[in-house]
Structure formats: C-alpha cells, structure tokens
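The residues making up each chain are set out below.
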Amino acid sequence: MSVERTFIAIKPDGVQRGLVGTIISRFEQKGFKLVGLKQLKPSRELAEQHYDVHRERPFFNGLVEFITSGPIVAIVLEGDGVVAAARKLIGATNPLTAEPGTIRGDFGVNIGRNIIHGSDAIETAQREIALWFSSEELTEWTPTIQPWLYE
Ligand code: DAT
Ligand code: MG
C-alpha cells in the first residue's frame, strides 16, 4: 500500500471566496485520503520558508504578502501517485491557461490569485508537510472504502 503524501494549501483567495468545501470535495471524490487538515493565518517566516525557492523572483514579496494576508487551509493528502495527480487536478499555475475542469481553470483568472498550492514533487511534499504540520497533527487511518479504491 502506498504512503505517498502531498501538501495542499487553499490560499487566502480560496478561503475568502468560499471554495474550501468545493476544493476538499474534489480531492475526496477522486479517492485521496485526508490525513491532515487545519486553518491558520501563516506567519511571514513560514510563508517565506514555504516559498524559499522563489526568493529571488520579482513576485516573491507580493506572494508572501498575499499568503500571509488571511487564513489559509493546509491539507495533507495520501494515495498512490497523489503528488502528480493533485497537481493535475489543480491545473496550470496561470488560471487563464489552466484547463477547464481543473481547480484553477474553473475558479481563477489571475496568476497572483490562483486559489491553491500543491507540492510539485515527492521530495518537495516531504519538506512542505514537515514545515506546515507536526507529526501529531497527521492521522493514520484506513477508510472503510479502501478495497473499493485499490485492488
Ligand atoms: P505553482 O504554484 O503552480 O507551483 P510556482 O511554484 O511557479 O507555481 O509559483 C508559486 C506561486 O507564485 C504561484 O502559485 C503564483 C505565484 N507566481 C508564479 N509566477 C508568478 C508571476 N509571474 N507573477 C505573479 N505571481 C506568480
Ligand atoms: Mg510551485
């Protein structure tokens, strides 16, 4: 059985626009297991660490301002291939070019307000999960539908 996990964050625009339930539903309906879920207003330090790879980019300060501007919903999902599959459900970085049917494609119009974050690789996911969650905040559990999701 897989223990692949990814880190998802519903950004302040997604929370303010009332998209939390809709977005969580998409991952649940796909068949991914929720193992971590919390709402928080991130500190500047946490946001800067999360986006450390973009520190030298011109949009970095605006991005950190935005992410720290209000509550976000932090999520850990588990399942086979969940890192790449969640990125696919999320869609391209720019919501204007993201395919319809994806979260960004269906709900966004601007790259600076693209609703949701998802880890881009397994190693990135491990780093981000450790940054946002303590191990006690993650729940090990077996959904009763598991035999209907995995052979
Ligand atoms: P993704 O979130 O799809 O992994 P990324 O890691 O390249 O995209 O960038 C992180 C976030 O930074 C992205 O979700 C939105 C913001 N961003 C990226 N490129 C940008 C740009 N050219 N202008 C403004 N914001 C940008
Ligand atoms: Mg990224």
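On a predicted model such as this, the values are computed, not experimentally measured, just so you know. (Residues numbered from 1 in each chain as written. Chains lettered and ligands numbered in written order. Predicted model: local features only at pLDDT ≥ 70, side-chain atom pairs only at ≥ 80, totals over all residues. Heavy atoms only, no water.)

**Details of the overall build of the protein**
A tally of regular secondary structure across the protein gives eight helices and four strands. Reading the protein from its N end, one meets helices and strands in the order β-α-α-β-α-α-β-α-α-β-α-α. Taken against the 2.2 N^0.38 rule, which gives 15 Å for 151 residues, the C-alpha radius of gyration of the protein at 15 Å falls within 12% of a compact globule. Out of the 151 residues belonging to the protein, those deemed buried represent 46%. Excluding contacts between residues fewer than 6 apart, the proportion of contacts in the protein whose partners are at least 24 apart in sequence is 77%. As displayed, the protein has an accessible area near 8,300 Å², and 53% of this comes from carbon and sulfur atoms. (Helix = DSSP H or I, 4+ residues; strand = E, 2+ residues; numbered from the N terminus. Rg over C-alpha atoms; globule rule 2.2 N^0.38 Å. Buried < 20%, exposed > 50% of the residue type's maximum accessible area, 1.4 Å probe, protein only. Contact = heavy atoms within 4.5 Å. Areas by Shrake-Rupley, 256 points an atom, 1.4 Å probe, with all protein chains shown as cover.)

**Regarding the UniProt feature "domain: Nucleoside diphosphate kinase-like" (unreviewed entry) in the protein**
Taking the numbering used here, the UniProt-annotated feature "domain: Nucleoside diphosphate kinase-like" (unreviewed entry) corresponds to residues 3-140. Here residues 3-140 is 41% helix and 17% strand, with 10 Å between the C-alpha atoms at its ends. (UniProt positions renumbered as here; feature names shortened; annotations may be inferred.)

**Remarks on helix H7 (residues 122-132)**
Along H7, the residues that are buried comprise Ala125, Glu128, Ile129 and Trp132. Axial view of H7: buried residues confined to an arc of 100 degrees, hence all on one face. Exposed residues pointing more than 90 degrees away from the buried face of H7 are listed as Glu123, Gln126 and Ala130. Check the buried side of H7 and you find it contacts strand E1 (5-10), strand E2 (33-40), helix H3 (44-50), strand E3 (72-78), helix H5 (82-90) and strand E4 (116-118). (Arc of directions from axis to C-beta.)

**What about the UniProt feature "active site" (unreviewed entry) in the protein?**
What UniProt calls "active site" (unreviewed entry) maps, in this numbering, to His117. Relative to the assigned elements, His117 resides in strand E4. With near-sequence residues (within four places) excluded, His117 lies in contact with Phe7, Ile8, Ala9, Lys11, His50, Tyr51, Ile90, Arg104 and Glu128.

**Topic: the sheet that holds E2**
Pairing is antiparallel across the open sheet formed by four strands, whose spatial order is E2-E3-E1-E4. Every other strand in the sheet has two partners, leaving E2 and E4 as the edge strands with one partner each. Strand-to-strand twist in this sheet, taken as the mean axis angle between neighbours without regard to direction, amounts to 15 degrees. Direction of pairing for E2 relative to E3: antiparallel, over a ladder of seven bridges. Directly across from Leu34, in E3, lies its bridge partner Leu77. Against the sheet, helix H2 (residues 20-30) makes contact with E1, E2, E3 and E4, and its axis sits at roughly 160 degrees relative to E1, the strand it touches most. (Pairing = 2+ DSSP bridges. Axes fitted to C-alpha atoms, helices over the stretch in contact; angles between N-to-C directions.)

**Examining the nonpolar core**
Membership of the largest hydrophobic core comes to 20 residues, with the highest contact counts inside it found for Ile8, Ile23, Phe27 and Ile116. Within the residue set of this core, elements represented by two or more residues are E1, H2, E3 and H5. Looking at which element gives the most residues to this core, the answer is H5, with five residues. Sequence-distant contacts of Phe27, that is, excluding residues within four places in its chain, are made with Ile8, Phe32, Leu77, Ala86, Leu89, Ile90, Ile103 and Ile116. Ranked by size, the runner-up nonpolar core spans 11 residues in total, among them Leu46, Val76, Ile129 and Leu138. (Core = buried A, V, L, I, M, F, W, Y, C linked by side-chain atoms within 4.5 Å.)

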